[in-house]
Amino acid sequence: MQNTDISITEETSFPTGGRVIRNTGSHYVVKLENGKEITCKIKGNFRIKGIRTTNPVSVGDIVGVSAPGPDGVAFINEILPRTNYIIRRSSNLSKEAHIIASNVDLAALVVTLVHPQTATTFIDRFLATAEAYDVPAALIINKVDLLSGEEDAEYLEAFSYLYSSIGYKVIPVSARSGKGLDVLREYLRGKITLLSGNSGVGKSTLINALIPGLKLRTGDISEAHDTGMHTTTFSELFELPGENGGSIIDTPGVRGFGTVDFDRQNVAHYFPELFKVSASCRFNNCTHTNEPGCAVLEAVREQRIAHSRYNSYLSILEELKEDEKYRKGY
Ligand SMILES: Nc1nc2c(ncn2[C@@H]2O[C@H](COP(=O)(O)OP(=O)(O)OP(=O)(O)O)[C@@H](O)[C@H]2O)c(=O)[nH]1
Ligand SMILES: [Mg+2]
Ligand SMILES: [Zn+2]
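Q: Break down the site of ligand 1 for me, citing the residues and quoting the values.
A: Around ligand 1, a shell composed of 24 residues is seen, among which Asp-145, Ser-199, Lys-203, Thr-205 and Thr-232 lie nearest. Asp-145 places a side-chain nitrogen or oxygen 2.7 Å from a nitrogen atom of ligand 1. A distance of 3.4 Å separates an oxygen atom of ligand 1 from a polar atom in the backbone of Val-201. Considering ligand 1 on its own, with 650 Å² of exposed area, one finds that the protein chains cover 94% of that surface. When residues of the shell around ligand 1 are assigned to their parent elements, the largest contribution, three residues, is made by helix α4 (residues 203-210). Each residue belonging to the shell around ligand 1 can be placed in one class, and the counts come to five nonpolar, 14 polar and five charged.

Q: Residue-level account of the coordination of the zinc ion (ligand 3), with values.
A: Donor atoms from the polypeptide that coordinate the zinc ion (ligand 3) comprise Cys-281 (SG), Cys-286 (SG), His-288 (ND1) and Cys-294 (SG), at 2.1 to 2.4 Å from the metal. Around the zinc ion (ligand 3) sit four donor atoms; with metal-centred angles ranging over 102 to 117°, the donor geometry is tetrahedral. Of note, the zinc ion (ligand 3) draws all its donor residues from one chain, in the sequence arrangement C-x4-C-x1-H-x5-C. Remark: Cys-294 occurs in the loop between α5 (272-278) and α6 (295-301) and Cys-281 occurs in the loop between α5 and α6; sequence separation between them is 13 residues. Judged by its relative accessible area of 9%, Cys-281 is buried.

Q: Tell me about the domain arrangement of the chain, residues and numbers included.
A: Domain assignment breaks the chain into domain 1 (16-79), domain 2 (101-250) and domain 3 (264-328). Here the C-alpha centroids of domain 1 and domain 3 sit 40 Å apart.

Q: Can you tell me about the side chain of Thr-251, naming the residues and giving the values?
A: Inspection of the secondary structure assignment puts Thr-251 in the loop between β13 (247-250) and α5. Among the residues examined, Thr-251 registers a relative accessible area of 2% and is labelled buried. From its side chain, Thr-251 meets the backbone oxygen of Leu-195 in a polar contact 2.7 Å long. The contacts of Thr-251, once residues within four sequence positions are left out, are Ile-100, Leu-194, Leu-195, Ser-196, Lys-203, Thr-232 and Ser-235.

Q: Go over the pattern of salt bridges, please, and point to the residues and values.
A: Inspection of the entire model under this criterion finds 11 salt bridges. The residue Glu-302 makes a salt bridge to Arg-304 at a minimum N-O spacing of 2.7 Å. Here Glu-302 falls in the partly exposed class, since its relative accessible area comes to 46%.

Q: Give a description of the nonpolar core that names residues and reports values.
A: Ranked by size, the top nonpolar core spans 74 residues in total, and within it Val-30, Tyr-163 and Val-296 carry the most contacts. It is helix α1 (residues 120-132) that contributes the most residues to this core, six residues altogether. Not counting residues up to four positions away in its chain, the partners in contact with Tyr-163 are Thr-120, Ile-123, Asp-124, Leu-127, Leu-139, Tyr-168, Val-170 and Arg-309. Counting residues in each nonpolar core, the second largest holds 22 residues, with Leu-106, Leu-181, Leu-184 and Leu-195 among its members.

Q: Pulling in residues and values, what's your account of the packing of helix α3 (residues 181-188) against α4?
A: At a minimum axis separation of 11 Å, α3 and α4 run at an interaxial angle of 85°. Considering the angle they form, α3 stands roughly perpendicular to α4. Contacts between α3 and α4 pair Leu-181, Leu-184, Arg-185 and Leu-188 from the former with Leu-206, Ala-209 and Leu-210 from the latter. Of the residues in the contact of α3 with α4, the class split is six nonpolar, no polar and one charged.

Q: Tell me about the coordination of the magnesium ion (ligand 2), and please be specific about residues and values.
A: Within the protein, the magnesium ion (ligand 2) binds to Ser-204 (OG) and Thr-232 (OG1); these donor distances fall in the range 2.0 to 2.1 Å. One end of the pair, Ser-204, is in helix α4; the other, Thr-232, is in the loop between α4 and β12 (235-239), and 28 residues separate them in sequence. Across this residue pair, the class does not change: Ser-204 and Thr-232 are buried.

Cut-off values and rules
Along every chain, residues carry numbers that run from 1 in the direction the sequence is written. Chains carry letters and ligands carry numbers; both start at the beginning, A for chains and 1 for ligands, and go up in the order they are written. Since the coordinates come from a predicted model, pLDDT governs what is reported: local features require at least 70, and pairs of side-chain atoms require 80 or more to be given and counted, while whole-chain, interface and lining totals use all residues. Excluding hydrogens and water, the side-chain values take into account all heavy atoms of the structure. To be near a molecule or strand, a residue needs just one of its heavy atoms within 4 Å of it. Think of a polar contact as two N or O atoms within 3.5 Å of one another; within protein, one of them needs to be a possible hydrogen donor and the other a possible acceptor, and neighboring residues in sequence only count if both atoms come from side chains. Only the protein chains shown count as covering a residue, and every accessible area follows the Shrake-Rupley method with a 1.4 Å probe. Only DSSP runs of H or I with at least four residues qualify as helices, and only runs of E with at least two residues qualify as strands; both kinds are numbered from the N terminus onward. Polarity classes work like this: nonpolar for Ala, Val, Leu, Ile, Met, Phe, Trp, Tyr, Cys and Pro, charged for Asp, Glu, Lys and Arg, and polar for all others, with Gly in that last group. Sites may look incomplete, because water is not among the atoms used; the donor set itself consists of N, O and S atoms within 2.8 Å of the metal (3.2 Å for Na, K and Ca). A four-donor site is called tetrahedral if each angle lies between 85 and 135 degrees; a four-donor site is square planar, and a six-donor site octahedral, when trans pairs exceed 155 degrees and the remaining angles lie between 65 and 115; all other cases are labelled irregular. Only protein chains enter the calculation, and the probe is 1.4 Å; a residue is then buried if its accessible area is under 20% of its type maximum, exposed if over 50%, and partly exposed in between. What fixes the domain bounds is an automatic or database domain assignment. The criterion used for residue contact is that any of the two residues' heavy atoms lie within 4.5 Å. The term salt bridge refers to a pairing of a side-chain nitrogen on Lys or Arg with a carboxyl oxygen on Asp or Glu at a separation within 4 Å. Residues belong to a common nonpolar core when they are buried Ala, Val, Leu, Ile, Met, Phe, Trp, Tyr or Cys residues joined through side-chain atoms within 4.5 Å. Axis geometry follows a simple rule: fit a line to the C-alpha atoms, using only the stretch in contact for helices, then measure angles between N-to-C directions, giving values from 0 to 180 degrees. If an angle is under 35 degrees, it is roughly parallel; if it is over 145, roughly antiparallel; if it lies from 65 to 115, roughly perpendicular; otherwise it is oblique.

The structure is reproduced here in structure tokens:
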């Protein structure tokens, strides 16, 4: 964990600005332009139009900061316009959304094929959200040291191919053995990267492996449920070593990835391979569920589009239908 003892000297002239690097729920830590860190609370009403969020300010935000009071705590009084952000709801019907991070160059989802196994619907919802919010996305497959034998190797190969053929960067690594970390380091260079994923996939362990000396708390996997223990409880941005190493945001593990503000007509746009094929559908308002002449259904039958991806598409459509019913009150 980074040093939280913050001393503000006369060198800092307020008001000033900086980037939010930690969000504990009760307060924020802002790294000021001069490199100093300051504890802040928020003043004022910051909201994204039309969306209720649990956190008006998120890690990655560039903010304006007023002078600290006698207790050393300053106030965030302005959020500069975000270049982008990644947002989720904890469950389908939950009304409140949570901004995971803002102003990032890359949204990387850490997934594992075993201990625990990440569900493809979860992966696809994350990727679709990144598409919807215009954030480049990548998959980091962690714990490849746990894979052995031909069958596992084939599974890894097939999984990687599924997503890389759609156009996503896929990087297999092991935070434990160090395998793939050089490739990952190179890919992250110069970028602000958000790390998201289920609890227990090794996000914090990976960051520890990338930043010598950092000792983020990591947790065991529950034997009973084969899931993580929700060890990380708040989001934090860390600088990666080396010149222009970039920075990386650790986040608490999430169970589900409820989409925010998706329009049923647009869901196919967020599945690039599906969208590409949909140009050949007979009807231009095709929902790709049961229409005659649907090119997407044909591609699924011919396995040019993976069943798992198509199922994820359907699951989001279904969720939006439920949502509409719920809002209409029946
Ligand atoms: N075998 C193996 N175990 C790993 C690897 N990376 C992490 N682990 C283990 O997985 C467990 C969970 O790791 P964490 O880093 O706490 O996972 P996390 O994603 O940060 O979890 P939350 O903070 O709960 O979201 C720990 O027991 C780690 O030692 C890896 O590459 N290989
Ligand atoms: Mg963690
Ligand atoms: Zn269609």
